[in-house]
Structure formats: structure tokens, C-alpha cells
Amino acid sequence: MKKLVGLALASLLGGTLQAQTPADATPAGLHEVLWQKLEARIDAIDDGLDGVMGVAILDLTNGRTLLHNADLVYPTASSIKLAILAELYRQSERGGAGKARLSDPYVVDAKDLVPDSRVLGGLTPGVTRVTNRDLATFMLVVSDNSATNVLIDRVGFDSVNSLMDELGLPGTRLRRKMMDLSAAREGRENVSSPRELMRLLEALYRGRVVGKTATDDLLRLLSTHKESDLPRLVPEDVVIANKPGSLEAVRNDSGIVYATNRPFVISVMTTLAGDERAAEQAIAEVGRAAWQGFDRIGRASPYGRVVSPRNGR
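Keep in mind it's a predicted model, so treat the numbers as computed, not measured.

Conventions we followed
- Residue indices begin from 1 for each chain and proceed along its sequence in written order.
- The model is predicted, so local features are restricted to residues of pLDDT at least 70 and side-chain atom pairs to those at 80 or more, both for listing and for counting; the totals for chains, interfaces and linings are taken over all residues.
- Processing note: side-chain calculations cover all non-hydrogen atoms of the structure and skip hydrogens and water entirely.
- Summary of the burial criterion: residues with accessible area below 20% of their type's maximum are buried, those above 50% are exposed, and those between are partly exposed, where the area comes from a 1.4 Å probe applied to protein chains only.
- Helical segments are the DSSP runs of H or I of at least four residues, strand segments are the runs of E of at least two, and each set is numbered from the N terminus.
- The axes used here are C-alpha line fits, helices contributing only the stretch in contact, and every angle between their N-to-C directions lies in the interval 0 to 180 degrees.
- Should an angle fall under 35 degrees it is taken as roughly parallel, and over 145 as roughly antiparallel, whereas 65 to 115 is taken as roughly perpendicular and any remaining angle as oblique.
- We call a crossing left-handed when the near helix sits turned anticlockwise from the far one by less than a right angle, and right-handed when that turn is clockwise.
- Whether two residues are in contact is decided by their heavy atoms: any pair within 4.5 Å suffices.
- In the sections that follow, a salt bridge refers to a side-chain nitrogen of Lys or Arg positioned within 4 Å of a carboxyl oxygen of Asp or Glu.
- DSSP bridges decide pairing: two strands pair if at least two such bridges lie between them.
- Put simply, two rings from Phe, Tyr or Trp (the six-membered ring, in Trp's case) pair if the centres are within 6.5 Å, and we call them stacked under 30 degrees between planes, edge-to-face over 60, tilted for the rest.

Colleague: Looking at this structure, how should I read helix H4 (residues 132-141)?
Modeller: An α-helical turn contains 3.6 residues, so a residue and the one three or four places further along point in the same direction. Taken residue by residue, H4 has Asn 132, Leu 135, Ala 136, Phe 138, Met 139 and Leu 140 as its buried positions. Ser 143 sits one or two residues past H4 and shows a positive phi near 55°.

As C-alpha cells, this is what we get:
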């Protein structure tokens, strides 16, 4: 009898102790608190912005997303060049008649030059010879608009948009060339959403567009240093594969941030900005807040302890 009472008491105490164990005293619970603070920080940054801001963040480790006005449609400005880049690499890898290849030559032609062409505009028409990959580099690193337009001619509007459809991104559309103000006035704007640009970058990162060799080269090219907002408040040694974009009242930046042991995708898009510099600052602050959270989790133990060489006790 005493034995049975003892067993019952032990069972009761065990159940009580188990029930009193905090449900959130786990790594997942700790990460959840940090995630909620990131959401609150983004809300606060948006509240202080005179304009519309959308944010989409994807944790490439576990697939979790943070979405803030992420399905609204925004002008992409130069961020549409991500879609052009993806189709160029796909055509080059697949080959075939009429397909553009990275190695295809291009001789600079004066008729192709448009304003804001920081490289092609300074080369010698009829003499300077480059490749499609060179044009892609100019398009990404200094956002050369002439180089972009040549690549659009070579890969084709329909092919770019068809790839977006295949990737499940029907709201991402290439509708006009760069500096085509007549098309812009008619409403033919290049558009996307933070969620779709996030998914496009995820597809590139995971090798869903081209094979590993081409993917590695594409991401290396995309990681080339450029003047942009996402990296501005992040340490210089952090690799970010991104493409910004800007138009009047529009500022965007989307990329893959290689935070320590915790890479993530982020897309921040703004439009109707009353103060463009403030929009740039907002993008930089969102980028810093996201990097701080992911980097901290990536360097910490499951319970948040960061062990560095100077603090090994």
C-alpha cells in the first residue's frame, strides 16, 4: 500500500513539475522573441517614413518569412535587372538557336546609348568589344542602362516574363527598357513586389534557375561591391548579393545576405516617398536590423550564448 501511494505521489509531482516547465524555455522560444522584435522594429521604421514601404525576409535555413506590405505592387526601378540577369544565365546554360550566351560579343554602338550609362557611354563606339557577361557586370555594378537595354534586346521581353511565370512570379514584369520615359508616362512600368523579389532571389540561391556552376558565377557577380542601401549600416566584410533600384519617389534594394551561419533573403521596396534620402535611410535601417538578428542567431549556441576567443569561460 505504501509503495502504491509513493508511486502515485511521485507521478503527481512529476506531472506537476513537467506542467510547470515554461513552454518557451527552448531555443525556438528564444528565437521567436527576437523575431517579434525584428517585426516591431520594421513597423517602427515604416511608421517614421513618409511613403509606402514593403519588406519581405526569408530565413534560408528554416524557410520562415517576415512579410510587411509584401504583396503590394511597386515600381522596381533597376531591381528588375535581377530578372534580366536570371534569364541571361538560363539562356546561356541551355544554349540553342537564338539564345543569348554569356560569351557572345558586343561591339559598342552609339545608337544603343541612353542617359545614365556610366561605362558604355565612355567606351569607343565601333571599336570597344565586350561580352554579354561584361554587359551584365555593367548592368549590376553601376546599373548601366545602355548595357541593360542591349541585354533586353538579346534575351527578349517575353522570355524574361516567361521565366517569371515558370517561377510562380506573375506579378514581376519587364514592360519597358531603361530610360523609356514615353512608356513610363503610358503606365508601362517595370513592377514587382517584395515577396516576389524575395522568391526570385531564393530560386537563384537554391539553383532552381540554372545549375551549380552557373549559379555560383551568377551569385559571385551579384555580390560585386556596389553603391547601395542594404549594406550601408552592415559591416563591410559581410557578403551581400543585391541589386538596388531608384527612380523619383522610389527606392528599392533586394539581396541575399550571407550572415554568419544564417543566410537570408531580404527585399525592401519603397514608393510614393516624400523624402528619397529618408527612404534610403529606412532601407539601410531595415537591412541592419535584419542582419543583427540573423548574425546573432548564427553565431550563438541554441540558447543564445556567443562564445568568442576572448570569452571562453
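Colleague: I would appreciate a short explanation of the packing of H4 against helix H5 (residues 145-155) in the present structure.
Modeller: Geometry of a packed helix pair, given as the angle between the helix axes and the separation of the axes. At a closest axis distance of 8 Å, the pairing of H4 and H5 adopts a crossing angle of 130°. With respect to H5, the axis of H4 lies oblique. Classified by chirality, the crossing of H5 by H4 is left-handed. Packed against H4, whose contacting residues are Asn 132, Leu 135, Ala 136, Phe 138 and Met 139, the element H5 presents Ala 147, Thr 148, Val 150, Leu 151 and Arg 154 at the interface.

Colleague: I keep staring at the pattern of salt bridges and nothing clicks. Help me out?
Modeller: Side-chain pairs of opposite charge can arise where the charged atoms are in close proximity. Scanning the entire structure with this criterion turns up 23 salt bridges. Across the salt bridge formed by Asp 153 and Lys 177, the nearest N and O atoms sit 2.7 Å from each other. With Asp 153 in helix H5 and Lys 177 in the loop between helix H6 (157-166) and helix H7 (181-185), this pair connects stretches of sequence that are 24 residues apart. Linked by salt bridges that have partners in common, Arg 199, Glu 202, Arg 206 and Arg 208 make up one network.

Colleague: In this structure, what is going on with the sheet that holds strand S7 (residues 240-247)? I would like to understand it.
Modeller: Two modes of strand pairing occur in sheets, parallel and antiparallel, and in both the strands are linked by backbone hydrogen bonds. Taken together, 5 strands build an open sheet; the order of strands is S2-S1-S9-S8-S7 and the sheet is antiparallel. In this open sheet, the two strands that pair with only one neighbour each are strand S2 (65-68) and S7. With direction set aside, neighbouring strand axes in the sheet form an average angle of 5°. Inspection of the sheet shows S7 paired to strand S8 (residues 250-257) by 8 bridges, in the antiparallel sense. Paired with Pro 244 across the strands is Asp 253, a residue of S8. Packed onto the sheet, helix H8 (residues 194-205) meets strand S1 (52-59), S2, S7, S8 and strand S9 (264-271) and runs at close to 30° relative to S1.

Colleague: Explanation requested: the packing of aromatic side chains in the structure shown.
Modeller: For any pair of aromatic rings, the description consists of the separation of the ring centres together with the inter-plane angle of the planes. Applying the stated rule across the entire model yields 3 aromatic pairs. Centroid distance Trp 35 to Phe 294: 6.0 Å. Interplanar angle 75°. Geometry classified as edge-to-face. Here Trp 35 is found in helix H2 (residues 27-47), whereas its partner Phe 294 is found in helix H10 (residues 276-299), with 259 residues between them in sequence. Taken individually, Trp 35 and Phe 294 each receive the classification buried, so the pair is uniform in this respect. Judged by centre distance (4.2 Å) and plane angle (15°), the ring pair of Phe 264 and Phe 294 falls under stacked. Here Phe 264 is found in strand S9, whereas its partner Phe 294 is found in helix H10, with 30 residues between them in sequence. Residue classification places Phe 294 among the buried residues on the basis of a relative accessible area of 3%.

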